[in-house]
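# Inside the fold
Residue strings, one per chain:
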There are 2 protein chains.
Amino acid sequence: MKRSYQKRDSITLLENAALRLRKVATVVNGVTETPEDWHKVTSKLVFGNEYVDALSGLDRLKSVWVIFGFNRHRGWSPRVRPRCAKDDSLVGVFASRSSKRPNRLGLTLVDIVNVKGNIVTVRGLDAFDGSPIYDLKNQDDDYDSRQRPRNR
Amino acid sequence: MKRSYQKRDSITLLENAALRLRKVATVVNGVTETPEDWHKVTSKLVFGNEYVDALSGLDRLKSVWVIFGFNRHRGWSPRVRPRCAKDDSLVGVFASRSSKRPNRLGLTLVDIVNVKGNIVTVRGLDAFDGSPIYDLKNQDDDYDSRQRPRNR
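Residues numbered from 1 in each chain as written. Chains lettered and ligands numbered in written order. Predicted model: local features only at pLDDT ≥ 70, side-chain atom pairs only at ≥ 80, totals over all residues.

The helix and strand tally for chain A stands at two helices and nine strands. The order of helices and strands in chain A, counted from the N terminus, is α-β-β-β-β-β-β-β-β-β-α. Put simply, chain A has 152 residues, and 37% of those count as buried. In chain A, 65% of the contacts between residues at least 6 apart in sequence involve partners at least 24 apart. (Helix = DSSP H or I, 4+ residues; strand = E, 2+ residues; numbered from the N terminus. Buried ≥ 20, exposed ≤ 12 C-beta atoms within 10 Å, placed from the backbone. Contact = placed C-beta atoms within 7 Å.)

Structure follows, in structure tokens:
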């Protein structure tokens, strides 16, 4: 009896501790090496057909947040060298945008070029060809600044 | 032989299509119902001890992006009613910040109050007590605006 409860608890803990993300789209941009300027890169985000309705209204936005996967990286580092560091000092990975993170999620604000069916064309996404997309989010000052009140 | 290859391919596809996120911290704020103003809510983000080094330097930042889980929600809606909508029109969930998303990830910029050991105290996180935290990211104009060039 006791063992059975323990087993249930450990299953519950596992459910709370992990979240399985499903890929909703794939990056198609032909970029396999770091380019000179990611801002100039145009990418097609090819969504599964089940997400076409979820893209409605996106064509009226100028920009959108993209949450994507750093699919080339394995493992993570607690401390990393910041991209613009002038010396060899390290900072914690949670105080950085390094890709060597416990959860390999990237976050970038990109320009929307156009939306056609299941394909969203964007400019400025710093993700390599084939990267998985997990979410798009409207830019919204209520969530994206520390100035304005917010209710939900 | 052919069957064996097919099996391997389907396993690879599964690996590419899904990402298993691990909870790195838990929200402790006592909030169980939507408050009048999330901006006034102070939350403790209690990290696992294995992440203390990864928090280094966070105390020098004013604000940080939090990626967390909408742990109360199941299922998603392709179209949702925007929070500030003046009529009954719906938009695609990817053009919104609704919590009814295919992947139940929230994204909010919060103020850092202080960092002590494995606990980061923040203000303005719109997450209920017990929500899982998956990532913190430094605010960085190279990723968070569409103005400046970016290299990686």
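Taken together, the contact between chain A and chain B spans 60 residues of the former and 60 residues of the latter. Elements supplying a minimum of two residues to the side of chain A that touches chain B: helix H1 (2-17), strand S1 (18-22), strand S4 (63-69), strand S6 (91-92), strand S7 (105-116), strand S9 (132-138) and helix H2 (141-144) of chain A. Broken down by element, the side of chain A that touches chain B gets its largest block of residues, six residues, from S9 of chain A. Taken together, the residues that form the side of chain A that touches chain B break down as 26 nonpolar, 15 polar and 19 charged. By the bridge criterion, five bridges tie S1 of chain A to strand S1 (residues 18-22) of chain B in an arrangement that is antiparallel. Looking at the pairing, Leu21 of chain A lines up with Leu19 of chain B of S1 of chain B. (Nonpolar A, V, L, I, M, F, W, Y, C, P; charged D, E, K, R; others polar. Pairing = 2+ DSSP bridges.)

Take the nonpolar core next. Counting residues in each nonpolar core, the largest one holds 70 residues, and the members touching the most others are Val66, Ile67 and Ile133 of chain A together with Val66, Ile67 and Ile133 of chain B. Excluding its chain neighbours within four sequence positions, the residues that come into contact with Ile67 of chain A are Leu105, Leu107, Tyr134 and Asp135 of chain A together with Leu105 of chain B. (Core = buried A, V, L, I, M, F, W, Y, C linked by C-beta atoms within 7 Å.)

Right, let's get into the relation of the copies chain A and chain B. Least-squares fitting of chain A to chain B yields an RMSD of 0.0 Å, with the transformation described by 0.0 Å of translation along the axis and a rotation of 180°. Here the copies are linked by what is in effect a two-fold axis. Closest approach to the rotation axis within chain A is made by the C-alpha atom of Arg20 of chain A, at a distance of 2.2 Å. Same-surface contact between copies: 100% of interface residues of chain A are shared with the interface of chain B. (Least-squares fit on C-alpha atoms with pLDDT ≥ 70 in both.)

Attention now goes to the environment of Gly117 of chain B. All names here are of chain B. Note that Gly117 resides in the loop between strand S7 (105-116) and strand S8 (119-123). We classify Gly117 as exposed; it has 10 C-beta atoms within 10 Å. Taking C-alpha positions, Gly117 is 6.3 Å from Val52, a pair spaced 65 residues apart along the chain.

If pLDDT is low for a region, its predicted coordinates should not be looked at in detail. All names here are of chain A. Chain-level statistics for chain A give a pLDDT mean of 85 and a share of 84% at 70 or above. Confidence over residues 1-15 falls short of pLDDT 50; this stretch has zero contacts with residues more than four positions distant or in other chains. The ipTM, which scores confidence in the relative placement of chains, is 0.85 for this predicted complex, and the corresponding pTM is 0.86. (pLDDT = per-residue confidence, 0-100.)

Turning our attention to the sheet that holds strand S3 (residues 42-47) of chain B. All names here are of chain B. Pairing in this closed barrel of six strands is antiparallel, and the strands run S2-S3-S8-S7-S4-S9 around the ring. Neighbouring strand axes in the sheet, compared pairwise and without regard to direction, differ in orientation by 45° on average. Sheet topology places strand S4 (residues 63-69) next to S7; seven bridges connect them, and they run antiparallel. The residue bridging Phe68 from the neighbouring strand is Gly106, located in S7. (Axes fitted to C-alpha atoms, helices over the stretch in contact; angles between N-to-C directions.)

Residue and element names in this part refer to chain A. Strand order around the closed barrel formed by six strands is S2-S3-S8-S7-S4-S9, with antiparallel pairing between neighbours. Across the sheet, the mean angle separating the axes of adjacent strands is 45° when strand polarity is ignored. Relative to strand S8 (residues 119-123), S7 runs antiparallel, the two being bridged by five bridges. In the strand pairing of S8, Val115 is matched with Val120.

Time to look at the environment of Arg97 of chain A. Along the chain, Arg97 of chain A falls in the loop between S6 and S7. Excluding anything up to four places from it in sequence, Arg97 of chain A contacts Lys137, Asn138, Asp140 and Tyr143 of chain B.

On to the environment of Glu36 of chain B, then. The topology assignment puts Glu36 of chain B in the loop between strand S2 (25-28) and S3. Taking the C-alpha atoms as reference, Glu36 of chain B lies 22 Å from Leu105 of chain B; in sequence the two are 69 residues apart.

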